[in-house]
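So the chains spell out like this:
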Amino acid sequence: MTSDIRVFQDDHLLEHSDALRSVYVDAFCAPPWNEDEEKATAFLRRLEQDVKRPGFTAAVAFSGPDISGFATAWTTLTPFPDDRCYPQAAAGLGSQRTTEWLCGAREIDELAVRPVAHGTGVAAELLEAVTADAPEGRSWLLTSVRSSRAMAFYRRQGWIQATHPSAEGKGIAVFLGPRHPARALAAPPL
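All figures in this text were calculated on a predicted structure; none of them were measured in a lab. (Residues numbered from 1 in each chain as written. Predicted model: local features only at pLDDT ≥ 70, side-chain atom pairs only at ≥ 80, totals over all residues. Heavy atoms only, no water.)

**Some words on the nonpolar core**
If you look at the biggest cluster of nonpolar residues, it comprises 58 residues, and the most contacted ones within it are Leu13 and Tyr154. Here this core takes six residues from helix H1 (residues 17-28), the largest share from any one element. Apart from residues no more than four positions distant in its own chain, leucine 13 is found in contact with Phe8, Leu20, Leu47, Val51, Phe56, Ala58, Val60 and Thr72. (Core = buried A, V, L, I, M, F, W, Y, C linked by side-chain atoms within 4.5 Å. Buried < 20%, exposed > 50% of the residue type's maximum accessible area, 1.4 Å probe, protein only. Helix = DSSP H or I, 4+ residues; strand = E, 2+ residues; numbered from the N terminus. Contact = heavy atoms within 4.5 Å.)

**Let's talk about the environment of threonine 76**
The topology assignment puts threonine 76 in the loop between strand S3 (66-75) and helix H3 (86-93). Separated by 27 residues in the primary sequence, threonine 76 and cysteine 103 have C-alpha atoms spaced 5.1 Å apart. Setting aside its immediate chain neighbours within four residues, threonine 76 contacts Pro81, Leu102, Cys103, Gly104, Ala105, Glu107 and Trp140. In terms of polar contacts, threonine 76 uses its side chain to reach the side chain of glutamate 107, at 2.8 Å. A distance of 2.8 Å separates a polar atom in the side chain of threonine 76 from a polar atom in the side chain of tryptophan 140. (Polar contact = N/O pair within 3.5 Å; in protein donor to acceptor, adjacent residues only side chain to side chain.)

**Let's talk about the layout of surface pockets**
Volume-wise, the largest pocket comes out at about 1300 Å³. Residue lining of the largest pocket: 46 residues in total, with Phe28, Trp33, Glu110, Leu111 and Thr143 positioned closest to the centre. Contributing elements (two or more residues each) for the lining of the largest pocket: H1, helix H2 (37-50), strand S4 (106-113), helix H5 (122-131), strand S5 (139-144) and helix H6 (148-156). Considering every element that reaches the lining of the largest pocket, the biggest residue donor is S4, with seven residues. (1 Å grid on protein atoms, 1.4 Å probe; cavity = no way out; pocket = protein on both sides within 12 Å on 5 of 7 lines; lining within 4 Å. Points joined across faces, edges and corners; volume = space filled by probe spheres on them.)

Structure, rendered in structure tokens:
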């Protein structure tokens, strides 16, 4: 599958809202995520605000006229946010590391690829596109430990897991990007 990766840094991304929603449904309504159509609609509502965030960047994979995947990212604010899954990330890293490692860094929020594009390199290209100009190489993301496939993908891309929730839990894990200067300081799993 040949893809044309296009980067967006403003609300022009929203011109592709219907296709982005469709990719979101394809990527996240199946196991292990098991999200529903309402979550896809909520994603679009969030995206309308996300495009206004400092440092917003998105990458979209076009296969001809169709979209096969996308990634969204922005600069993590200071002080560290306290909504969504942020408190879990901060609890896993501690206050000082959260501020030093994550605040002001490029935060990857969503990475979604249609199942037909799995294994084609599209996800890796999207991830690289949204992190290529991360400030001082500082990029990070969090993902659910429920998805061993996602966890393995990030490791293969050179990301290092910085938090280690209970193996039996349903928590989230923070990953630091391949060029993040603090990656050598991340605690290895027990």
